[in-house]
Amino acid sequence: MNVTQHPDTAWLLDYATGALSRNFELVLGAHLMACAHCRTELRAAERLGAALMMAGSAERPQLAPQRVLEAEASPSPWVNARALSAGDTDALDLQTVVSQYLDCGLGALPWRSAGRGLQIARLRSEEEERLWLVKAAPGTVLPRHSHTGSELTLVLKGAFFSGQTIYSAGDIEDANECVDHQPVVTRESECLCLAVTEGPLRFRSWLPRIAQSYLGI
Amino acid sequence: MLTQLMTDAITPPLETAAVVPFPAEATRLAEVEPTVRETELLLKIRDARDRGAFADLFGRFAPKIKGYLQRTGLNAEDAENILQDIMIAVWNKARLFDPLRASARTWIYSLARNRLIDMKRAEQREYAALERYAGETAGDAVYEEDLLARAMGQNSVALLALIPPEQARVLLMAYVEGKSHREIARELNLPIGTVKSRARLAFQRVRGILEKNA
């Protein structure tokens, strides 16, 4: 898989230190699955965490190693729940992503029309954060918008242009309040994206603003 | 070979010449041998369920992990409980360790980090990170070195003394206080872009040093 567009290093540090919310972690985790470059970055960030842990001051534990050895085998679900350095298939198999992160197939999702050629399904809504699947027909021009917080968009299938850059499967568009963009889906195929947003979007024109409250975007 | 690595580690690359000279303590960061030894121990645990190797590894890691947990804001009792979970996982999940992917210390760090995330999410409780550095949060205020030394230990200071203090602060807030880059921007009242570029620069510099020691 030829991934060319990566999230900023700051996101990988957040991933390494465990500072991310579930939704942002999910989108970055899917990108990491596809992207060897970011996995290398993440491992370096984890190595730094380990170095700081070991260089830091120590506290004498009460626990003795014998007690650990005598302990019942524990299931420790948290060990496997988060990838110990995300999986490395170097591919973004749509089925894997969907089955790993969603409880149902794509068809069963609560899709809503958000304008011509555009369908969105809200997967999660937690405080200010929203996790979306966005499906757009070939050639769809999305409404121009900016953000009130961070937005990470992972392409699962197809491709879109944003500014001068083309984003295709596995790529992440890393946007925030400084970015005002109008994604345009390429003509070749339908585009499917997983997106996480923080805070409501800001639209330039009035029509999407009316739809905004109905769609909750 | 080892000597060569150590020499590399204490010779600042050209572009760092203008920054703080490498302090003497930094030689201790060239912990090539301990790292290799840790990985050997973890492999003995993985492959032979070697109890002696576990006791040795425990002695090397448990106090450091407990210190790390307490720095992130846990009290001694919670840190002790979480430490126990982590050490049990080291013993029980050693079969998942792959030395080609990570050294023992990176693997154990990621276990500790995962346990912390799990705890934060399970309890949905804002546990207050120790905001030792948040006192003077105005813009570019510089860390006082002895404050840092007390909080982090002298060796960390040596590592972080290689980068400009405003970059070191971003790394500390990320790795010690567990804050995201957005939270750091908010707390320091800096634009997101500034925090991102400081994080990136700091990370590039420090990782270069670590990779020489890897």
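Predicted, not measured: the structure shown is a model, and the values here were computed from it.

**Topic: the pattern of salt bridges**
Residues and elements named next belong to chain B.
Reasoning step 1: Counted by the stated rule, this structure contains 18 salt bridges over all chains.
Reasoning step 2: Among the salt bridges present, the one from D56 reaches R37, with a minimum N-O distance of 3.7 Å. Taken as a pair, D56 in helix 3 (residues 51-71) and R37 in helix 2 (residues 32-48) lie far apart in primary sequence, 19 residues in all.
Reasoning step 3: Judged by its relative accessible area of 28%, D56 is partly exposed.
Reasoning step 4: One connected set of salt bridges, linked through shared partners, spans R37, E40, D56 and R60.

**Quick word on the interface of chain B and chain A**
Reasoning step 1: Taken together, the 69 residues of chain B in the interface contact 65 residues of chain A.
Reasoning step 2: Between chain B and chain A lies a buried interface of about 6,000 Å² when both sides are counted; carbon and sulfur atoms form 61% of it.
Reasoning step 3: Interface area lost by chain B to chain A is led by B:R101, B:R121 and B:Y175, which between them contribute 12%.
Reasoning step 4: Connecting chain B to chain A are 6 salt bridges.

**Describing the side chain of A:D14**
Reasoning step 1: Of note, A:D14 is situated in helix 1 (residues 9-17).
Reasoning step 2: No salt bridge is formed by the buried A:D14. Its closest oppositely charged neighbour is B:R182, at 8.1 Å.
Reasoning step 3: When residues no more than four places from it in sequence are discounted, the contact partners of A:D14 are A:A19, A:L20, B:K179, B:S180 and B:H181.

**Side note on the packing of helix 2 (residues 22-34) of chain A against helix 3 (residues 36-55) of chain A**
If you want to describe how two helices pack, look at the angle between their axes and the distance between the axes.
Residue and element names in this part refer to chain A.
Reasoning step 1: At a minimum axis distance of 6 Å, the contact between helix 2 and helix 3 shows a crossing angle of 115 degrees. Judged by the inter-axis angle, helix 2 sits roughly perpendicular to helix 3. Pair helix 2 / helix 3 crosses with left-handed handedness. Where helix 2 abuts helix 3, its residues H31, L32, M33 and A34 lie against A36, C38, R39 and L42.
Reasoning step 2: Split by residue class, the contact of helix 2 with helix 3 holds 6 nonpolar, 1 polar and 1 charged.

**Structural notes on unusual backbone geometry**
Residue and element names in this part refer to chain B.
Reasoning step 1: Positive phi, normally seen in glycine, also occurs at R49, with a value near 50 degrees.
Reasoning step 2: Structurally, R49 is set in the loop between helix 2 and helix 3.
Reasoning step 3: For R49, a relative accessible area of 37% gives the class partly exposed.
Reasoning step 4: Phi is positive for N189, close to 55 degrees, though the residue is something other than glycine.
Reasoning step 5: Its location among the elements puts N189 in the loop between helix 9 (181-188) and helix 10 (192-213).
Reasoning step 6: Given the relative accessible area of 70%, N189 is considered exposed.

**Let's talk about the packing of aromatic side chains**
How two aromatic rings sit relative to each other is given by the distance of their centres and the angle of their planes.
Reasoning step 1: As enumerated under the stated definition, the model contains 6 aromatic pairs over all chains in all.
Reasoning step 2: When the centroid spacing of 5.5 Å and the interplanar angle of 65 degrees are considered together, the rings of B:F54 and B:W91 count as edge-to-face. Of this pair, B:F54 sits in helix 3 while B:W91 sits in helix 4 (residues 76-92), placing them 37 residues apart in sequence.
Reasoning step 3: With a centroid separation of 5.7 Å and 65 degrees between ring planes, the pair formed by B:F97 and B:W107 is classed as edge-to-face. Residue B:F97 is found in the loop between helix 4 and helix 5 (104-123), and its partner B:W107 is found in helix 5; the two are separated by 10 residues along the sequence.
Reasoning step 4: Each residue in the set B:F54, B:F58 and B:W91 is aromatic and connected to the rest through ring pairs, giving one cluster.
Reasoning step 5: Just above the ring of A:W111 sits the side chain of A:K135; from NZ or CZ to the centre is 4.4 Å.

**Brief notes about the pairing of strand 3 (residues 129-136) of chain A**
Residues and elements named next belong to chain A.
Reasoning step 1: Counting buried residues in strand 3 gives 6 out of 8 residues, a clear majority hidden from the surface.
Reasoning step 2: As defined by bridge partners, strand 2 (residues 118-126) adjoins strand 3 across 8 bridges and the pair is classed as antiparallel. Of the residues in strand 3, the one forming a bridge with E126 is E129.
Reasoning step 3: Linkage of strand 2 to strand 3, two consecutive antiparallel strands, is achieved through a turn of 2 residues, within which E127 is found at a positive phi near 45 degrees.
Reasoning step 4: Pairing of strand 3 with strand 10 (residues 191-198), which is carried by 8 bridges, proceeds in the antiparallel orientation. Across the sheet, the residue bridging to W132 is A195, located in strand 10.

**Focus on the confidence of the model for chain B**
Residue and element names in this part refer to chain B.
Reasoning step 1: With 67% of its residues at a pLDDT of 70 or more, chain B has an overall mean of 76.
Reasoning step 2: The element-level mean pLDDT for chain B is lowest in helix 1 (residues 2-10), coming to 37, with helix 3 highest at 95.
Reasoning step 3: Segment residues 1-30 is flagged for pLDDT under 50; beyond a separation of four residues in sequence, or across chains, it makes 35 contacts in the model.
Reasoning step 4: Segment residues 125-143: pLDDT under 50, and 50 contacts once partners within four positions in sequence are set aside and those in other chains are kept.

**Overview of the sheet that holds strand 6 (residues 159-162) of chain A**
Residue and element names in this part refer to chain A.
Reasoning step 1: The sheet built from 3 strands is open, its strands ordered 7-6-9 with antiparallel pairing. The outermost strands of the open sheet, each flanked by one partner alone, are strand 7 (165-168) and strand 9 (184-185).
Reasoning step 2: Where strand 6 lies against strand 7, 4 bridges are found, and the strand directions are antiparallel. In the sheet register, F160 faces strand 7, and the bridge partner there is Y167.

Quick notes on the rules
Residues numbered from 1 in each chain as written. Chains lettered and ligands numbered in written order. Predicted model: local features only at pLDDT ≥ 70, side-chain atom pairs only at ≥ 80, totals over all residues. Heavy atoms only, no water. Salt bridge = Lys/Arg side-chain N within 4 Å of Asp/Glu carboxyl O. Helix = DSSP H or I, 4+ residues; strand = E, 2+ residues; numbered from the N terminus. Buried < 20%, exposed > 50% of the residue type's maximum accessible area, 1.4 Å probe, protein only. Contact = heavy atoms within 4.5 Å. Buried area = accessible area lost by both parts, 1.4 Å probe. Lys, Arg positive; Asp, Glu negative; His and termini not counted. Axes fitted to C-alpha atoms, helices over the stretch in contact; angles between N-to-C directions. Parallel < 35°, antiparallel > 145°, perpendicular 65-115°, else oblique. Left-handed = near helix turned anticlockwise from the far one by under 90°. Nonpolar A, V, L, I, M, F, W, Y, C, P; charged D, E, K, R; others polar. Phe/Tyr/Trp six-rings, centres within 6.5 Å; stacked < 30°, edge-to-face > 60°. Lys NZ or Arg CZ within 6 Å of the ring centre and 35° of its normal. Pairing = 2+ DSSP bridges. pLDDT = per-residue confidence, 0-100.

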